[in-house]
Number of protein chains: 2
Amino acid sequence: MSQDATEERVLGAVDERRELINAAIDEDLPMAEPERLYEAARYLLEAGGKRLRPTVSLLAAEAVADVEPLSADYRAFPSLYDDPVDVMAAAVSLEVIQSFTLIHDDIMDDDDLRRGVPAVHKAYDTETAILAGDTLYSKAFEIMGETGARAENGLEAMRMLASTCTRICEGQALDVQFETQGDVEPDEYLEMVEFKTAVLYGAAAATPAVLLGADDEVVDALYRYGIDSGSAFQIQDDVLDLTVPSDKLGKQRGSDLVEEKETLIALHARQQGVDVDGLVAATVPEEVTEREIDEAVNELEAAGSIEFARGKARDLTEQAKGRLEVLPDNEARRLLEDVADYLITRGY
Amino acid sequence: MSQDATEERVLGAVDERRELINAAIDEDLPMAEPERLYEAARYLLEAGGKRLRPTVSLLAAEAVADVEPLSADYRAFPSLYDDPVDVMAAAVSLEVIQSFTLIHDDIMDDDDLRRGVPAVHKAYDTETAILAGDTLYSKAFEIMGETGARAENGLEAMRMLASTCTRICEGQALDVQFETQGDVEPDEYLEMVEFKTAVLYGAAAATPAVLLGADDEVVDALYRYGIDSGSAFQIQDDVLDLTVPSDKLGKQRGSDLVEEKETLIALHARQQGVDVDGLVAATVPEEVTEREIDEAVNELEAAGSIEFARGKARDLTEQAKGRLEVLPDNEARRLLEDVADYLITRGY
C-alpha cells in the first residue's frame, strides 16, 4: 500500500474516534473543585492533541476481541471472559498520564509553548502546574480503576500503569543525565527513548489486552509492538528535525543541532569522528542560517548518520508489525500495522 | 491512663516497629538506576521521620486480624480469607506517598529545610525534585500492587490509594487558594485539613483492612478514625505553634501569625472581631519579639479562639476513638486509641 493511502487510513481511524475520545475525557475527568486546579489539569487535554495513543488502545481492543472496527461499544466492550469492559477508560487514563508528563516536562525544560498554547506553568504558575500534574497522575489511576474488568485483570492493568510511569520518570532522568554525560552509547540512547517515550505506547497497546483477559503472549506482543513503534517514532522525530523545512516543521529546522541535543544521529556521527558540537556555530535557533543547517546535514549524510537513524526506525517498525502476528488476522490489526508505518512515514 | 503513660505506650509501639519499617522501605524502594534520581527519591525517607503513619497501618492490621501485637509476620500476615498478605508493603506505600507530597510541597512553598536537612530541591535541584516526587508516586502504586492480597482486595487498595492522592492534591490547592481568599469559613478550613493531611491517616488505617478482606463497615470505621485523628493532629499543630516555647518547637513560636497563615484559631478569632492580621507587626519570624507573641496569644485566648481549637481537636479525637468500637476488643485497638490521644497531647 502506498504511503499516502496508509496515512489516509490512519488519519481516518483517528478522526473516526476523536470525538468519542474527547467526550470520554470530559466524562472521566470532569471539572471539579477547586476550580483553578482542575482548569489547569484539563487545560492541555482541552488544547487538543492528535489522540493517536488512545486510538491505538481502541484498535488494540478491537484486534484482541476480533471485532469489526467501531462495531462494539468501547464503554461496554466484549471481553474474552464474561463481563463487559470499559476499554475507553483505559485509553483516557493513558492520555491523562501523557498530559501529566507534558506538564511536568515543560516545567523541567522551562518550555514556553505546548500544542500551540502557553505551557501550563506559563498560563498559570509553577505551583499550580506541579499540582495539576500530580492531580492528573492520581486521576489516571482512578480512571484505570473504573474499567469494570475482572479484578485480577483490573489489578494487573493498575500495576502495568504504575511500572510504566516509573519507567517514564527514569527515561526523563536519563535524558537529563545524557546532556552532561560525555560518552553516551547508541544503545543507552535507545533505552532512554524506550523509557521516556515508547513505554507509554506499549501500555496503550497492551492495557486493553490485559483488561479483556488476553493471554500473556498477546499482552507481551502488544507491549513490544508499542515499544518498537514508539521508539521508531521518536527516532523519526530526530530525522524530521533535520530534513523537513522550518515552515512545515513549525519550528526552526536543525534546532536539535543548535541546542546540542543528543540524538541517535548525533551519537552515530560522533562515533564516525564528526565534530557534532561544532557543526553549527549558532547557540540559539533564532541565529542559525538555513545554509549552516544545509552544510551540517550534508556532513551528517556523508557520515551515514541520517541513514543510520532512518534504518533503525525502519527496522523497529518492521519488528513492531511482526509482533502483531500472534493476534487474529483482522481489520483492526491491519490498522495497527498501518499506525506503525505511519509513525515513520508521516512528513512532519 | 495518664498522658505520660499514653505517650510512653505510643512511642514504645513506634520504636518496636521502626527498624522493621525502615528495613522494608529499603527492600521495597531499593537504590536503582539512574542513581541520582533514586538517591533524590530516597533522600527524605532516609533522613528519618517518626514512622507514626506506617505504625498505624501495622496496628490496624493487628486490630482487624485480632492478633497479638508483633506476633505475626507483617510480610505474610493472616488475612480473613486464605492467602497471607504483605501488610508491610501497604505501610511502605503510604510512607512513600507521604514523602512524594513533602518533596513537591517544599518546591511549591520554597521551603529550605525538611526533617533537619535541606529540602530535596535544595539538596539537588528543582527538576530532580519534581522527578523524584513523580518517581515515588508511581513506586507507591507499584509497591501497593505487590501485597499478594486477593485480586479484588488488591484492586480496591489501589483505588483507595488513587482517590487519597487526588484528595491530597485538592487539599493542597485549597490551602493555596485560602491564602488569598478573604472569607474562609471554619468548615471549609476543616475540609482543607481533611483533604491535605488527614486522608493519608485515613488510608493508612483503612488500607490494611481492605487488603485483609474486612467488611466495609470496618474499612469505613478505620478510614474515619484516620480522618478524625489526623484532623485533630493538624489542629493541635496550630495550637502548639502558639503555646510551646520556641526552643522546644524548633522554630519561632507564633510564626503562623507572623506569616498570616490561615488556621482554625485565626478564622475563629476573625469571626469574633479580632484584627488577626494586625496582631503582630513583624512580617518575618526573625523580627518578632516574644512579648509581641505573648500579647497576641493573650488576645486570642480572650476571644476563646485557642480553646475553640483545642475543643475541636478533643472532639475529633473522641470521635476517632469511638469509630474503633466496631473492631474486636484487643491490644492493637487500644494502641490505636492511644495514638489518637497522643496526637493531641504530644507536647511538640
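That block above? That's the structure.
Throughout what follows, the structure given in this document is the object of discussion. Being a predicted model, the structure only gives us computed values, none of them experimental.

About the thresholds
- Residues numbered from 1 in each chain as written.
- Chains lettered and ligands numbered in written order.
- Predicted model: local features only at pLDDT ≥ 70, side-chain atom pairs only at ≥ 80, totals over all residues.
- Heavy atoms only, no water.
- Helix = DSSP H or I, 4+ residues; strand = E, 2+ residues; numbered from the N terminus.
- Rg over C-alpha atoms; globule rule 2.2 N^0.38 Å.
- Buried < 20%, exposed > 50% of the residue type's maximum accessible area, 1.4 Å probe, protein only.
- Contact = heavy atoms within 4.5 Å.
- Lys, Arg positive; Asp, Glu negative; His and termini not counted.
- Charge placed at Lys NZ, Arg CZ, Asp CG, Glu CD.
- Salt bridge = Lys/Arg side-chain N within 4 Å of Asp/Glu carboxyl O.
- Buried area = accessible area lost by both parts, 1.4 Å probe.
- Polar contact = N/O pair within 3.5 Å; in protein donor to acceptor, adjacent residues only side chain to side chain.
- Nonpolar A, V, L, I, M, F, W, Y, C, P; charged D, E, K, R; others polar.
- Least-squares fit on C-alpha atoms with pLDDT ≥ 70 in both.
- Expected span 1.5 Å × (residues − 1).
- Axes fitted to C-alpha atoms, helices over the stretch in contact; angles between N-to-C directions.
- Parallel < 35°, antiparallel > 145°, perpendicular 65-115°, else oblique.
- Left-handed = near helix turned anticlockwise from the far one by under 90°.
- Phe/Tyr/Trp six-rings, centres within 6.5 Å; stacked < 30°, edge-to-face > 60°.

**Structural notes on the overall build of chain A**
1) Next: Counting secondary structure elements, chain A contains 15 helices and 4 strands.
2) Next: By the compact-globule yardstick of 20 Å for 348 residues, chain A fits well, its C-alpha radius of gyration being 20 Å.
3) Next: The principal-axis extents of the C-alpha atoms in chain A amount to approximately 60 × 50 × 35 Å.
4) Next: Across the 348 residues that make up chain A, the buried fraction comes to 60%.
5) Next: Of all intrachain contacts in chain A linking residues separated by at least 6 positions in sequence, the fraction that spans at least 24 positions is 71%.
6) Next: Averaging the locations of the 32 positively and 75 negatively charged side chains of chain A gives two centres separated by 2 Å.

**Notes on the pattern of salt bridges**
Residues and elements named next belong to chain A.
1) Next: Going through the model one piece at a time under the given rule, you end up with 75 salt bridges over all chains.
2) Next: Here Asp-338 ties to Arg-9 by a salt bridge, and the two come within 2.5 Å at their closest N and O atoms. On the criterion of sequence distance, the pair formed by Asp-338 in helix α15 (residues 331-345) and Arg-9 in helix α1 (residues 3-28) is long-range, its members being 329 residues apart.
3) Next: With relative accessibility at 25%, the residue Arg-9 sits in the partly exposed group.
4) Next: Each of the salt bridges in this network shares a partner with another, and the network as a whole consists of Arg-9, Asp-329, Glu-331, Arg-334 and Asp-338.

**Considerations on the interface of chain B and chain A**
It is common to report an interface's size as the accessible area lost on association of the parts.
1) Next: Each partner contributes to the interface: chain B provides 36 residues, whereas chain A provides 36 residues.
2) Next: When chain B packs against chain A, the two sides together hide about 3100 Å² of surface, and 72% of this comes from carbon and sulfur.
3) Next: When the buried area of chain B at its contact with chain A is split by residue, Met-108, Leu-131 and Leu-155 of chain B rank highest and sum to 17% of it.
4) Next: In this assembly, chain B and chain A are joined by 14 residue pairs in polar contact (both at pLDDT 80 or more).
5) Next: The set of elements that each furnish at least two residues to the side of chain B that touches chain A consists of α2 (35-46), α4 (87-109), α6 (126-144) and α7 (151-180) of chain B.
6) Next: Residue composition of the side of chain B that touches chain A, by class: 18 nonpolar, 9 polar and 9 charged.

**What about the relation of the copies chain B and chain A?**
Mapping one chain copy onto the other needs a rotation about an axis and a shift along that axis.
1) Next: Under the fitted operation, chain B is carried onto chain A by 0.0 Å of movement along the axis and a turn of 180°, and the coordinates agree to an RMSD of 0.0 Å. Here the symmetry operator amounts to a two-fold rotation axis.

**Some remarks on helix α14 (residues 305-323) of chain B**
Note on helix geometry: an α-helix contains 3.6 residues per turn, so any two residues three or four positions apart are oriented the same way.
1) Next: With 19 residues, α14 of chain B ought to run about 27 Å at 1.5 Å a step, and its terminal C-alpha atoms sit 27 Å apart, in line with that.
2) Next: The set of residues buried in α14 of chain B consists of Ser-305, Ile-306, Ala-309, Gly-311, Ala-313, Leu-316, Thr-317, Ala-320 and Lys-321 of chain B.

**With respect to the packing of helix α4 (residues 87-109) of chain A against helix α8 (residues 186-212) of chain A**
Residue and element names in this part refer to chain A.
1) Next: The contact between α4 and α8 brings their axes to 9 Å, and the two run at 160°. The angle between the axes of α4 and α8 places the two elements in the roughly antiparallel class. α4 and α8 meet at a crossing whose hand is right-handed. Every residue of α8 that contacts α4 at Val-87, Ala-90, Leu-94, Ile-97, Gln-98 and Asp-105 is listed here: Lys-196, Leu-200, Ala-203, Ala-204, Thr-207, Leu-211 and Leu-212.
2) Next: Its residues assigned to classes, the contact of α4 with α8 shows 9 nonpolar, 2 polar and 2 charged.

**Some words on the packing of aromatic side chains**
Residues and elements named next belong to chain B.
1) Next: Scanning the entire structure with this criterion turns up 12 aromatic pairs over all chains.
2) Next: With a centroid separation of 5.8 Å and 50° between ring planes, the pair formed by Tyr-201 and Phe-233 is classed as tilted. Taken as a pair, Tyr-201 in helix α8 (residues 186-212) and Phe-233 in helix α9 (residues 216-243) lie far apart in primary sequence, 32 residues in all. We note that Tyr-201, like Phe-233, is buried.

**Quick look at the environment of Ala-61 of chain A**
Residue and element names in this part refer to chain A.
1) Next: Inspection of the secondary structure assignment puts Ala-61 in helix α3 (residues 52-65).
2) Next: We classify Ala-61 as buried; its relative accessible area is 0%.
3) Next: Taking the C-alpha atoms as reference points, Ala-61 and Val-87, 26 residues apart in sequence, are found 7.1 Å from one another.
4) Next: In contact with Ala-61, not counting residues within four places along its chain, are Phe-77, Val-87, Pro-208 and Leu-212.

**Details of the side chain of Gln-236 of chain B**
All names here are of chain B.
1) Next: For Gln-236, the location among the structural elements is in helix α9.
2) Next: At a separation of 3.0 Å, a polar atom in the side chain of Gln-236 contacts the main-chain carbonyl oxygen of Ile-344.
3) Next: Excluding residues within four positions of it along the chain, Gln-236 makes contact with Leu-343, Ile-344 and Arg-346.

**Things to note about the side chain of Asp-175 of chain B**
1) Next: For Asp-175 of chain B, the position within the fold is in helix α7.
2) Next: Setting aside residues up to four positions removed in sequence, Asp-175 of chain B forms contacts with Met-192 and Lys-196 of chain B.

**Here's the deal with unusual backbone geometry**
1) Next: With an omega of -10°, the peptide bond between Glu-33 of chain A and Pro-34 of chain A qualifies as cis.
2) Next: Looking at the element boundaries, Pro-34 of chain A is found in the loop between α1 and α2 (35-47).
3) Next: Phi at Leu-70 of chain A takes a positive value of approximately 65°, unusual for a residue other than glycine.
4) Next: Relative to the helices and strands, Leu-70 of chain A resides in the loop between α3 and β1 (77-78).
5) Next: A positive phi angle, near 45°, is found at Asp-110 of chain B, a position not held by glycine.
6) Next: Mapped onto the secondary structure, Asp-110 of chain B falls in the loop between α4 and β3 (113-114).
7) Next: Residue classification places Asp-110 of chain B among the partly exposed residues on the basis of a relative accessible area of 48%.

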